[in-house]
Amino acid sequence: METKDTNSLTAEQHKQKMRRRQEVQSERIANSSKEKGLIIVNTGNGKGKTTAALGMVVRSLGHGYRVAIVQFIKGAWEPAEKAVFEMWENQLEFHAMGEGFTWDTQDRDRDIETAQKAWDKALTFICNPEFRLVLLDEVNIALKLGYLQIEQVLAGLEQKPENTHVILTGRGAPSALIECADLVTEMSLVKHPFREQGIKAQAGIEY
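Residues numbered from 1 in each chain as written. Predicted model: local features only at pLDDT ≥ 70, side-chain atom pairs only at ≥ 80, totals over all residues. Heavy atoms only, no water.

Going by the annotation in an unreviewed UniProt entry, the name recorded for the chain is Cob(I)yrinic acid a,c-diamide adenosyltransferase, with Microcoleus anatoxicus PTRS2 given as the source organism.

**Details of the nonpolar core**
Counting residues in hydrophobic clusters, the biggest one holds 29 residues, and the most contacted among them are Phe72, Trp119, Val134, Leu136, Leu148, Leu168 and Leu177. Broken down by secondary-structure element, the contributors of at least two residues to this core are strand 1 (39–43), strand 2 (66–71), helix 5 (108–126), strand 4 (131–137), helix 6 (139–144), helix 7 (150–157) and strand 5 (165–169). Excluding anything up to four places from it in sequence, valine 134 contacts Ala68, Phe125, Ile126, Thr164, His165, Val166 and Ile167. Core analysis: the second largest hydrophobic core is formed by 13 residues, Ile69, Phe85, Phe94 and Ile167 among them. (Core = buried A, V, L, I, M, F, W, Y, C linked by side-chain atoms within 4.5 Å. Buried < 20%, exposed > 50% of the residue type's maximum accessible area, 1.4 Å probe, protein only. Helix = DSSP H or I, 4+ residues; strand = E, 2+ residues; numbered from the N terminus. Contact = heavy atoms within 4.5 Å.)

**So, the UniProt feature "domain: Cob(I)alamin adenosyltransferase N-terminal" (unreviewed entry) in the chain**
According to UniProt, the "domain: Cob(I)alamin adenosyltransferase N-terminal" (unreviewed entry) feature falls on residues 8–29. For residues 8–29, the helix share is 86%, the strand share is 0%, and the end-to-end C-alpha distance is 30 Å. (UniProt positions renumbered as here; feature names shortened; annotations may be inferred.)

**Here we look at the pattern of salt bridges**
All chains considered together, the criterion is met by four salt bridges. Linking lysine 36 and aspartate 182 is a salt bridge whose minimum nitrogen-to-oxygen distance equals 2.6 Å. Of this pair, lysine 36 sits in the loop between helix 1 (11–30) and strand 1 while aspartate 182 sits in the loop between helix 8 (175–180) and strand 6 (183–186), placing them 146 residues apart in sequence. The partner of glutamate 113 in a salt bridge is lysine 117, with the nearest N and O atoms 3.5 Å apart. (Salt bridge = Lys/Arg side-chain N within 4 Å of Asp/Glu carboxyl O.)

**A word on the packing of helix 5 against helix 7**
Between helix 5 and helix 7, whose axes approach to 10 Å, the crossing angle comes to 15°. The angle between the axes of helix 5 and helix 7 places the two elements in the roughly parallel class. Of the two elements, helix 5 crosses helix 7, and the hand of that crossing is right-handed. In this structure, helix 5 contributes Gln116, Trp119, Leu123 and Ile126 to the contact, and helix 7 contributes Gln152, Val153 and Gly156. Looking at the contact of helix 5 with helix 7, its residues break down into four nonpolar, three polar and no charged. (Axes fitted to C-alpha atoms, helices over the stretch in contact; angles between N-to-C directions. Parallel < 35°, antiparallel > 145°, perpendicular 65-115°, else oblique. Left-handed = near helix turned anticlockwise from the far one by under 90°. Nonpolar A, V, L, I, M, F, W, Y, C, P; charged D, E, K, R; others polar.)

**Section: the sheet that holds strand 3 (residues 92–96)**
Backbone hydrogen bonds hold the strands of a sheet together, and the pairing may be parallel or antiparallel. Read from one edge of the open sheet, six strands run 3-2-4-5-1-6, paired in parallel fashion. Edge positions in the sheet fall to strand 3 and strand 6, since each of these pairs with one other strand and no more. The sheet shows a mean angle of 10° between the axes of neighbouring strands, direction not considered. Relative to strand 5, strand 1 is paired through four bridges, and the arrangement is parallel. Paired with asparagine 42 across the bridge in strand 5 is threonine 169. Packing of helix 2 (residues 49–62) onto the sheet brings it into contact with strand 1, strand 2, strand 3, strand 4 and strand 5, and relative to strand 4 it is tilted by some 165°. (Pairing = 2+ DSSP bridges.)

Next comes the structure, spelled out in structure tokens:
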């Protein structure tokens, strides 16, 4: 059955089509009234995984919820977000546990120890019902490199209270984590200024 292009519809046909779409959406919303703490994974090779997660952090803070952020890799950068979030110091726990990227430390044992300490800290927030949202930034990298074991992360996620949301970011999210998650977004890389033009990381964009 052929469907008409939206641009070729008359004003009345378009109105009828939008009305049907509105009815379908209203029915979906009516049938989706329950709430649940979500496990959210932002992965893929494209930019924006942490940025998208921080958007959810801001929303949660705006609702007055308590939020925790644990950074597993980028901690040595002391990102600008940390300075901005200081205005929510009574609601937000921000812990930059990483010491930089793996090619900076060049010490696998030290990286494993750092990642394990970050996970121990993260687990205290995941299990604490006072925190509505917990962001584990770049934890997928720690999993991918073997600094953390997927079994321990999945076991920790099982301990979260019913209404707590946990966001796990970083490329290379393992399949077991994707299977466990409620919401998974994969950022795809189309163009990147560093690769194509040799443009360095810039304040306000990358950090």
